[in-house]
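What follows is each chain in one-letter form.
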Amino acid sequence: QCVMVCPTAALTEVYHTDKVWEAINDPDKHVIVQTAPAVRVALGELFGMEAGTVVTGKMVTALKRMGFDEVFDTDFGADLTIMEEASELIYRLKNNKTLPILTNCCPAWVKFIEHQFPELIHVPSTCKSPHIMFGTIAKTYYAEKNGLDPDNIVVVSVMPCIAKKAEAKRPELTKDAHNNVDIVITTRELGAMIKEAGIEFVKLPDSEFDSPLGESTGASVIFGTAGGVIEAALRTASEWMTGKPLDRVEFEELRGMEGVRRATVKIGDQELKIGIASGLGNARHILEDIRDGRADYHAIEIMACPGGCIAGGGQPYHHGNHEIIKKRREAIYEEDRRKKVRKSHENKEILELYKNYLGEPFGKLAHELLHTHFEERERI
Ligand code: SF4
């Protein structure tokens, strides 16, 4: 079993592809797969395609041919994360509760704060990460809707990340066995499985994700690059705080390749100070500033991998070539621009999920199912 948290693949990972084939070949199991935003802009590289080629449709076709019962999208989980995280940001702002709020989609950085800054453990958002939220909804709402026994559902996550393997095994996320992700594989492992299945990836036609956990917005796609999570959260928080549609959906001031970025975003009469750090060395500087009272941010996004998940440790190797990262990043923003709906709170399937099952965002059931806690751990 792989329990590593290395975000940069400096250590050798253990493949879990056999477990996935075993589940697919078990007639008693209902096996569903979800794919993270960054996977679709890098998977093609494993089949000789140009970096930054968007292969979403081919990837869905390949997963269907491999035998998954349903092919869904972690982007749905990302939109759900934004519903909760934007609500949490507004709650903290209105009630003068702990600020800044730190996004916590990245399990490597969460582990880092637990060990290195235990005194700041109350600061991250309590939202589960998108693929874990997805796993929870798959084994509750989706299971009920389809008359399935959650114990017979196997959720497979395809991630750009090795740390997600360890995240899915965290005790607070696995205490309820039918409430989580079962197997995590990386982009590289998915590439290996497509090759094992003898599928000619480049020649595949496109297919659409299945419903109801496959609909997503442009806001969720940009989770794949540094700065994207906080931009997605602000698209929703802005409209909720002002009650008015955004004049511009793209927050250019939050975008860039620098390891640390600071920006002020005006929402109505309020000016929100935003920080973005990618790479743990940069995260350390920002966290030291917060701990020592030198920073007055309202919200911060931290990603362990420089550039975010597009450069994750489970992606095709980029050997430090920044051009590759740049192309993947451009592809992510292009996907966002192509989407008809670009704000998480306008995702129809998400709205249906709240209406028919969860109730209010940040409400009682949402808290029970979609939020978690972190532990102070020994300094290492
Ligand atoms: Fe994983 Fe993304 Fe964090 Fe890298 S930035 S460790 S790929 S979640």
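Residues numbered from 1 in each chain as written. Predicted model: local features only at pLDDT ≥ 70, side-chain atom pairs only at ≥ 80, totals over all residues.

Attention now goes to the confidence of the model for the protein chain. Summing up the model confidence of the protein chain, the mean pLDDT is 93 and the portion of residues at 70 or higher is 96%. Scored as a complex, the prediction yields pTM 0.94 and ipTM 0.99. (pLDDT = per-residue confidence, 0-100.)

Here four strands make up an open sheet; going across it, the order is β3-β8-β7-β6 and the pairing mixed. Of all strands in the sheet, those bounded by a partner on one side alone are β3 (101–102) and β6 (260–267). Those strands touched by helix α10 (residues 228–242) are β6, β7 (270–278) and β8 (299–303), and its axis lies near 15 degrees from that of β6. (Pairing = 2+ DSSP bridges. Helix = DSSP H or I, 4+ residues; strand = E, 2+ residues; numbered from the N terminus. Contact = placed C-beta atoms within 7 Å. Axes fitted to C-alpha atoms, helices over the stretch in contact; angles between N-to-C directions.)

We now examine helix α8 (residues 187–196). Residues separated by three or four positions in an α-helix point in the same direction, a consequence of the helix having 3.6 residues per turn. Of all ten residues that make up α8, seven are buried, and the element is covered over most of its length. Along α8, the positions that sit buried rather than exposed are Thr-187, Arg-188, Glu-189, Leu-190, Gly-191, Met-193 and Ile-194. Packed against the buried residues of α8 are α1 (17–24), α2 (56–66), β4 (153–159) and β5 (183–186). Among the residues trailing α8, Gly-198 stands out with phi positive, at a value near 70 degrees. (Buried ≥ 20, exposed ≤ 12 C-beta atoms within 10 Å, placed from the backbone.)

It is worth spelling out the packing of helix α4 (residues 107–116) against helix α11 (residues 280–291) at this point. Remark: α4 packs on α11, axes separated minimally by 11 Å, with the N-to-C direction vectors making an angle of 45 degrees. On the basis of the axis angle, α4 is oblique to α11. Relative to α11, α4 is oriented so that their crossing is right-handed. The segment α4 lies against α11, with Trp-109, Phe-112 and Ile-113 engaging Leu-280, Ala-283 and Leu-287. Classifying every residue of the contact of α4 with α11 gives six nonpolar, no polar and no charged. (Parallel < 35°, antiparallel > 145°, perpendicular 65-115°, else oblique. Left-handed = near helix turned anticlockwise from the far one by under 90°. Nonpolar A, V, L, I, M, F, W, Y, C, P; charged D, E, K, R; others polar.)

As for its placement among the helices and strands, Lys-145 is situated in helix α5 (residues 130–145). Separated by 67 residues in the primary sequence, Lys-145 and Pro-212 place their C-alpha atoms 9.9 Å from one another.

Our next topic: unusual backbone geometry. The residue after Leu-99, namely Pro-100, is reached through a cis peptide bond having omega 0 degrees. As for its placement among the helices and strands, Pro-100 is situated in the loop between α3 (74–94) and β3. Omega for the bond connecting Ser-211 with Pro-212 falls within 30 degrees of zero, at 15 degrees, which places this linkage in the cis form. Relative to the helices and strands, Pro-212 is located in the loop between α8 and α9 (218–221).

Between its first and last C-alpha, α3 extends 30 Å over 21 residues, near the 30 Å set by a 1.5 Å rise per residue. Two residues or fewer past α3, Asn-96 is found with a positive phi of approximately 50 degrees. (Expected span 1.5 Å × (residues − 1).)

Our focus in this paragraph is the nonpolar core. Counting residues in each nonpolar core, the largest one holds 105 residues, and the members touching the most others are Trp-109, Val-156 and Ala-233. Looking at this core element by element, the count peaks at seven residues for α3. Those residues in contact with Ala-233 that lie beyond four places of it in its chain are Ile-82, Glu-85, Ala-86 and Leu-89. (Core = buried A, V, L, I, M, F, W, Y, C linked by C-beta atoms within 7 Å.)

Turning our eyes to something else, we now look at the sheet that holds strand β2 (residues 70–73). Strand order in the open sheet formed by four strands is β2-β1-β4-β5, and the pairing between neighbours is parallel. At either end of the open sheet lies a strand with only one pairing partner, and these are β2 and β5. Strand-to-strand, the axes of this sheet are offset by a mean angle of 25 degrees, without reference to chain direction. Here strand β1 (residues 30–35) runs beside β2; their pairing, made up of four bridges, is parallel.

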